[in-house]
Amino acid sequence: MTRSAFLIFNPAAGQGNAETDLAFIKSQLEPVFDLGVHETQPDTDASQLAHLAIEQGAEVIIASGGDGTVSAAAAAVIGSGIPFGVLPRGTANAFANALKIPTGLAQACETLLDGMEYTVDVATCNGKPMLLLAGIGFEAEVVKLADRQSKDRFGLLAYVLGGVRELRNLEKFHAEIDTDENLVEVTAVAITVANAAPPSSILAQGPAQVVADDGLLDVTIVSAEGMTNAIASAYDLFRSALNGDAASHRDIGYLQSRSITIRTEPPQPIVLDGELIGETPVEIKCIPQGLTVIVPQQSGKPASERLEGLPDLKVTPKLKAPEAEENQD
Ligand SMILES: Nc1ncnc2c1ncn2[C@@H]1O[C@H](COP(=O)(O)OP(=O)(O)OP(=O)(O)O)[C@@H](O)[C@H]1O
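Residues numbered from 1 in each chain as written. Predicted model: local features only at pLDDT ≥ 70, side-chain atom pairs only at ≥ 80, totals over all residues.

The name recorded for the chain in an unreviewed UniProt entry is YegS/Rv2252/BmrU family lipid kinase, from Vasconcelosia minhoensis LEGE 07310.

Below, the structure is given as structure tokens:
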């Protein structure tokens, strides 16, 4: 029986040609899936379509568009157990990058055909679904500056330009971070709470790795004052993102918790998965194992075993000896 797949397609996303993209996607997926294509409209968003997909009993739900489309669709699929696929066609494609889903359309289609299911945590942030991360302070200011017009002109560079402009006006704030274990009080310029993070989200890279399926949120605190310290901290976070080592600069701290409340003085903007949602205080709670995503084979967890492809491979599962026999002598 052919599996039914419900494709949510945003024709307005990204800078490519939507018609060509859709024709290509159909050519790749129709031979394998019973594919229904549903285009988003300015007034029919991806989350409404994802709810429709669940109602109709879709066996796979696929979202194709920018992070706006992907996040809205994924949020609606949380808790349904239905495998969720992504065909990224946006500017930053943070969701795909965080889960190592290829951003090229051909490879992303291949992933849907021969990938594996990987169940990740999600979270709520002030009651809203959170897939990746919430930024408080600096990152939120950068998103404010990367407006739609400059995103259309410069793509990903818009965020970088926003970041450089914002570096000049780093503003400190006092923060109370209430975790499961402690109340941490600190002066910071940026606090990032991540469930999963793409390597480009450098402000989330305090810990060696942000693991998406450990039931925990990773908090990175950057307290750099002044331009020189900010650049040194940024360099350390870059190094952490590249090498998988934890950050060690004295202006960077990190911790883990299942739920977190952050209060700041003065109030700071919050950006949730790329969208400004308001100001602190913020309460974030992890929902372990909330979403099943289709990812390339082996990309979910750091591989601890790889055998396939070896010549003459044969793997025979061994039955464990019953305890009684083990104790016999
Ligand atoms: N048929 C449509 N015509 C015009 N706009 C649409 C349509 N469908 C959805 N939209 C709009 O697209 C936006 C979501 O875009 P999405 O985030 O998927 O892509 P993007 O903005 O190109 O990506 P990125 O944020 O990575 O640049 C929403 O604002 C939504 O209203």
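So that's the structure; there's more coming.
Asks: I would appreciate a short explanation of the overall build of the chain in the present structure.
Replies: Scanning the chain from N- to C-terminus turns up 10 helices and 16 strands. Counting the 329 residues in the chain, one finds 43% classified as buried. For the chain, the share of sequence-separated contacts (at least 6 apart) that also reach a separation of at least 24 residues comes to 72%. (Helix = DSSP H or I, 4+ residues; strand = E, 2+ residues; numbered from the N terminus. Buried ≥ 20, exposed ≤ 12 C-beta atoms within 10 Å, placed from the backbone. Contact = placed C-beta atoms within 7 Å.)

Asks: Is there a simple way to explain the site of the ligand in this structure?
Replies: Looking at the ligand, there are 18 residues lining it, with Gly-65, Gly-66, Gly-68, Thr-69 and Gly-90 nearest. Across the shell around the ligand, the residue classes break down as five nonpolar, 10 polar and three charged. (Near = placed C-beta within 6 Å. Nonpolar A, V, L, I, M, F, W, Y, C, P; charged D, E, K, R; others polar.)

Asks: Looking at this structure, how should I read the UniProt feature "domain: DAGKc" (unreviewed entry) in the chain?
Replies: Sequence positions flagged by UniProt for "domain: DAGKc" (unreviewed entry) are, in local numbering, residues 1–129. As annotated, residues 1–129 has a helix share of 37% and a strand share of 29%, and its two end C-alpha atoms lie 34 Å apart. (UniProt positions renumbered as here; feature names shortened; annotations may be inferred.)

Asks: Before we go on, may I ask you to explain helix α2 (residues 46–55) in this structure?
Replies: Each full turn of the α-helix corresponds to 3.6 residues, which orients residues three or four apart in the same direction. Within the span of α2, buried status applies to Ala-46, Ser-47, Leu-49, Ala-50 and Ala-53. Down the axis of α2, the buried side of the element spans an arc of 160°, and every buried residue falls inside it. Check the buried side of α2 and you find it contacts β1 (3–9), β2 (33–39), β3 (60–65) and α3 (67–77). Count one or two residues on from α2 and you reach Gly-57, which has phi positive near 75°. (Arc of directions from axis to C-beta.)

Asks: Got a minute to help me understand the nonpolar core in this structure?
Replies: Generally speaking, nonpolar side chains in soluble globular proteins are found buried as a group. Counting 84 residues, the largest nonpolar core has Ile-8, Ile-61, Ala-73, Ala-74, Phe-95 and Ala-134 as its most contacted members. Residue contributions to this core reach at least three from each of two domains, namely domain 1 (3–114) and domain 2 (128–288). Not counting residues within four places of it along the chain, the set of residues in contact with Phe-95 comprises Asp-67, Val-70, Ser-71, Ala-74, Val-86, Leu-131 and Leu-132. (Core = buried A, V, L, I, M, F, W, Y, C linked by C-beta atoms within 7 Å. Domains from an automatic or database assignment.)

Asks: What am I meant to see in the domain arrangement of the chain here?
Replies: Interfaces are often sized by the amount of accessible area the parts lose when they come together. Partitioning the chain into domains gives domain 1 (3–114) and domain 2 (128–288). Of the residues lining the interface, 13 residues belong to domain 1; the matching set on domain 2 comes to 16 residues. When residues of the side of domain 1 that touches domain 2 are traced back to their parent elements, those giving at least two are α3 and α4 (94–98). Counted by class, the side of domain 1 that touches domain 2 contains eight nonpolar, four polar and one charged residues.

Asks: Just to check I follow, could you spell out the environment of Ala-5 for this structure?
Replies: With respect to the element layout, Ala-5 can be found in strand β1. A C-alpha to C-alpha distance of 47 Å links Ala-5 and Asp-251, two positions 246 residues apart in sequence. What Ala-5 contacts, discounting residues up to four positions off in sequence, is Leu-29, Phe-33, Asp-34, Leu-35, Ala-58, Glu-59, Val-60 and Ile-62.

Asks: Is there a simple way to explain the confidence of the model for the chain in this structure?
Replies: Close reading of the predicted structure is inappropriate where its pLDDT is low. With 75% of its residues at a pLDDT of at least 70, the chain reaches an overall mean of 83. Across residues 302–306, where pLDDT falls below 50, the model places two contacts with residues more than four positions away in sequence or in other chains. Counting contacts from residues 323–329, a segment whose pLDDT is below 50, to residues more than four positions away or on other chains yields one contact. Overall fold confidence for the complex sits at a pTM of 0.81, while the interface term, ipTM, reaches 0.96. (pLDDT = per-residue confidence, 0-100.)

Asks: I keep staring at the packing of α2 against α3 and nothing clicks. Help me out?
Replies: Look at α2 against α3: their axes get within 7 Å of each other, and the N-to-C directions meet at 35°. When you trace α2 past α3, the crossing you get is right-handed. Along its contact with α2, which presents Ala-46, Ser-47, Ala-50 and His-51, the element α3 presents Thr-69, Ala-72, Ala-73, Ala-75, Ala-76 and Val-77. (Axes fitted to C-alpha atoms, helices over the stretch in contact; angles between N-to-C directions. Left-handed = near helix turned anticlockwise from the far one by under 90°.)

Asks: Where do I start with the pairing of β2 in this structure?
Replies: On a regular strand, each side chain points to the face opposite its neighbour's, so the side chains alternate between the two faces of the sheet. Sheet topology places β1 next to β2; seven bridges connect them, and they run parallel. Directly across from Ser-4, in β2, lies its bridge partner Asp-34. In this fold, β1 hands off to helix α1 (residues 18–29), which returns the chain to β2; that crossover is right-handed. (Pairing = 2+ DSSP bridges. Right-handed = clockwise from strand over helix to strand, strands pointing away.)

Asks: What is the right way to read the pairing of strand β5 (residues 116–125) from this model?
Replies: With nine bridges connecting them, β5 and strand β16 (residues 282–295) associate as antiparallel partners. Its bridge partner lying in β16, Thr-119 is registered against Thr-292. Where β5 meets strand β6 (residues 128–130), three bridges bridge the pair, whose relative direction is antiparallel. Counted as the bridge partner of Thr-124 is Pro-129 from β6. Counted between consecutive antiparallel strands, the loop separating β5 from β6 contains two residues, among which Asn-126 sits at a positive phi close to 45°.

Asks: Could you clarify how one ought to interpret the sheet that holds strand β12 (residues 252–257) in this entry?
Replies: What links the strands of a sheet is backbone hydrogen bonding, and the strands pair in either a parallel or an antiparallel sense. Strand order in this open sheet of six strands is β12-β11-β10-β7-β14-β15, and the pairing throughout is antiparallel. Strand pairing shows two members of the sheet lacking a second neighbour, β12 and β15 (275–279), which therefore form its edges. Neighbour-to-neighbour, the strand axes of the sheet open up by a mean angle of 20°, direction not taken into account. Of the pairings in the sheet, the one linking strand β11 (residues 217–222) to β12 comprises six bridges and is antiparallel in character. Note that in β12 the partner of Val-222 across the bridge is Ile-252.

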